[in-house]
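Summary of structural features
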Amino acid sequence: MSIFHSLNTSASALTAQRLRMDVISSNMANIETSRGKMVDGEWQPYRRKTVSLQPAEGRFSSMLQAAMGSRDRGAAGYGVTVSRIQEDVETPFKLVFDPTHPDANEEGYVQMPNVDPLREMIDLMSATRSYEANVTVLNANKAMLMKALEIGK
């Protein structure tokens with residue numbers, strides 16, 4: 001086990017949380033975008049995007065075996081990776097009555113993105129707290145490594 005495993009783990013978490021914050025920012029920026037992309041010849045509103053995370057090595061069993069002293073210690077996963085960024089297709093679009101809007105249908109309703117600002121702010125706070133926690137872990141690891149170097153003097 002390298003002394004840098006904990007640093008690499010924190011670095012992967014920082015990268016993942018930063019990407020999560022970027023996707024949330026994109027969702028917030030497109031909260032009023034009624035023309036996101038063309039589907040079957042019609043403009044569809046912007047769809048909310050979500051980030052899915054997974055362990056770097058994928059399987060819990062390999063990490064458990066490595067922690068229990070298996071010979072194959074290199075099989076354990078360290079850190080987190082982004083498995084995918086997907087569109088939220090389950091949440092319906094919001095219908096807003098605005099007959100003057102260029103995208104209004106015959107009844108005067110406009111389909112608006114399925115982005116909920118409250119949900120996005122909660123997700124952003126969660127990602128920010130995770131980012132801050134990993135910065136704290138990174139700084140603690142750095143301090144321990146510095147103390148270890150001082151012992152060697």
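The following refers to the structure shown.

**Overview of the overall build of the protein**
- Across its full length, the protein holds 3 helices and 6 strands.
- In sequence order, the secondary structure elements of the protein are arranged as α-β-β-β-α-β-β-β-α.
- Buried positions account for 24% of the 153 residues belonging to the protein.
- Relative to all contacts within the protein whose residues are 6 or more apart in sequence, the contacts with residues 24 or more apart total 66%.
- For the protein, the exposed surface amounts to about 10,400 Å²; the carbon and sulfur share of it is 57%.

**As for the pairing of strand β6 (residues 109–112)**
- Burial along β6 is one-sided: the residues V110 and M112 are buried and none of Y109 and Q111 is.
- Looking at chain direction, strand β5 (residues 94–97) and β6 are connected through 4 bridges and run antiparallel. Bridge pairing in β6 places F97 opposite Y109.

**Describing the side chain of S10**
- Tracing the backbone through its elements, the reader meets S10 in helix α1 (residues 5–29).
- The class for S10 is buried, based on a relative accessible area of 3%.
- Residues contacting S10, with those up to four places away along its chain left out, are N134, V137, L138 and N141.

**Regarding the side chain of D88**
- Relative to the elements of secondary structure, D88 occurs in the loop between β4 (80–87) and β5.
- Only 2.7 Å separates the side chain of D88 from the side chain of T91, close enough to count as a polar contact.
- When neighbours within four sequence positions are excluded, D88 is seen to be in contact with R47, R48, N114 and R119.

**Let's talk about the packing of aromatic side chains**
- On inspection of all chains with the given rule, the structure shows 1 aromatic pair.
- Summarising the aromatic geometry, the rings of F97 and Y109 are spaced 5.3 Å apart at their centres and angled 65° between planes, so their arrangement reads as edge-to-face. Residue F97 is located in strand β5, and its partner Y109 is located in strand β6; the two are separated by 12 residues in the primary sequence.

Parameters at a glance
As a convention, each chain's residues are numbered from 1 in the sequence order in which they are written. Local features in a predicted model are, by the rule used here, given only for residues with pLDDT of at least 70; side-chain atom pairs are given and counted only at 80 or more, and totals for whole chains, interfaces and linings are based on all residues. Only hydrogens and water are set aside; all other atoms, that is, all heavy atoms of the structure, feed into the side-chain values. The way it works is that DSSP assigns letters per residue, a run of H or I at least four long becomes a helix, a run of E at least two long becomes a strand, and they are numbered from the N terminus. Burial classes: relative accessible area under 20% of the type maximum marks a residue as buried, over 50% as exposed, and values in between as partly exposed (1.4 Å probe, protein chains only). In what follows, residue pairs with any heavy atoms lying within 4.5 Å of each other are defined as contacts. For the area figures, the Shrake-Rupley method with a 1.4 Å probe applies, and any residue is considered shielded solely by the protein chains shown. Any two strands between which DSSP finds at least two bridges are classified as paired. The term polar contact refers here to a pair of N or O atoms within 3.5 Å; inside protein, the definition further demands a hydrogen-donor-capable atom paired with an acceptor-capable atom, and it admits residues adjacent in sequence only when both atoms are side-chain atoms. Here a Phe, Tyr or Trp ring, Trp counted by its six-membered ring, pairs with any other such ring whose centre lies within 6.5 Å, and the pair is stacked when the planes are under 30 degrees apart, edge-to-face when over 60, and tilted otherwise.

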